[in-house]
Amino acid sequence: MSFPGVFKGALGTCARKITSEMEMAAARALANIVTAGELSEDYIIPDPLDKHVVPAVAKAVADASLEGCVARKSLEEISE
């Protein structure tokens, strides 16, 4: 489920590698998409086709790559 978002975030910052911190950021982003009110035995992770998954994971991975000093571009450079 995190595949496209992880690569979008890593490629967006031109990260040198994908670190465990970036993987954990992706997992946290996935977990945070499901709100406490939606959480149930049958719904613990979002649907793979949920339109919020890729942007949330990509942003979390990009932020983690910047924090982990593996990014070669900043978010400002990406926006340009």
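These figures come from a predicted structure and were not determined experimentally. (Residues numbered from 1 in each chain as written. Predicted model: local features only at pLDDT ≥ 70, side-chain atom pairs only at ≥ 80, totals over all residues. Heavy atoms only, no water.)

Asker: Go over the overall build of the protein, please, and point to the residues and values.
Answerer: If you tally the helices and strands in the protein, you get four helices and zero strands. Along the protein, helices and strands appear, N-terminal first, in the series α-α-α-α. Each principal axis of the C-alpha atoms in the protein carries an extent, and together these give about 40 × 25 × 20 Å. By residue count, 32% of the 80 residues in the protein fall in the buried class. Taking contacts inside the protein between residues at least 6 apart in sequence as the whole, the part at least 24 apart equals 69%. Surface accessibility of the protein: about 5400 Å² in total, with carbon and sulfur atoms responsible for 59%. (Helix = DSSP H or I, 4+ residues; strand = E, 2+ residues; numbered from the N terminus. Buried < 20%, exposed > 50% of the residue type's maximum accessible area, 1.4 Å probe, protein only. Contact = heavy atoms within 4.5 Å. Areas by Shrake-Rupley, 256 points an atom, 1.4 Å probe, with all protein chains shown as cover.)

Asker: Could you give me a rundown of unusual backbone geometry, with the residues and numbers involved?
Answerer: Residues other than glycine seldom take positive phi values, yet C14 does so here, at roughly 55°. Among the secondary structure elements, C14 is positioned in the loop between α1 (3–12) and α2 (20–33). Positioned with a positive phi, C69 is a non-glycine residue whose angle comes to about 60°.

Asker: Can you tell me about the environment of D47, naming the residues and giving the values?
Answerer: If you trace the backbone, D47 turns up in the loop between α2 and α3 (53–67). On a C-alpha basis, the gap between D47 and V6 in space is 17 Å, while along the polypeptide they are 41 residues apart. At 2.8 Å, the side chain of D47 forms a polar contact with the backbone nitrogen of L49. (Polar contact = N/O pair within 3.5 Å; in protein donor to acceptor, adjacent residues only side chain to side chain.)

Asker: Which residues make up the packing of α2 against α3, and what values go with them?
Answerer: At a minimum axis separation of 8 Å, α2 and α3 run at an interaxial angle of 145°. Considering the relative orientation of α2 and α3, their crossing is right-handed. Contacts between α2 and α3 involve E21, M22, A25, A26, A29, L30 and I33 on the former and, on the latter, V53, A56, V57, A60, V61, A64 and S65. Each residue belonging to the contact of α2 with α3 can be placed in one class, and the counts come to 12 nonpolar, one polar and one charged. (Axes fitted to C-alpha atoms, helices over the stretch in contact; angles between N-to-C directions. Left-handed = near helix turned anticlockwise from the far one by under 90°. Nonpolar A, V, L, I, M, F, W, Y, C, P; charged D, E, K, R; others polar.)

Asker: Tell me what's going on with α2, and back it up with residues and numbers.
Answerer: The end-to-end C-alpha separation of α2 is 20 Å, in line with the 20 Å expected for 14 residues at 1.5 Å each. Residues of α2 that are buried include every one of M22, A25, A26, A29, L30 and I33, and no others. With its buried residues spanning 135° around the axis, α2 presents them on a single face. Among the exposed residues of α2, those oriented more than 90 degrees off its buried face are E21 and N32. Taken together, the buried residues of α2 touch α1 and α3. (Expected span 1.5 Å × (residues − 1). Arc of directions from axis to C-beta.)

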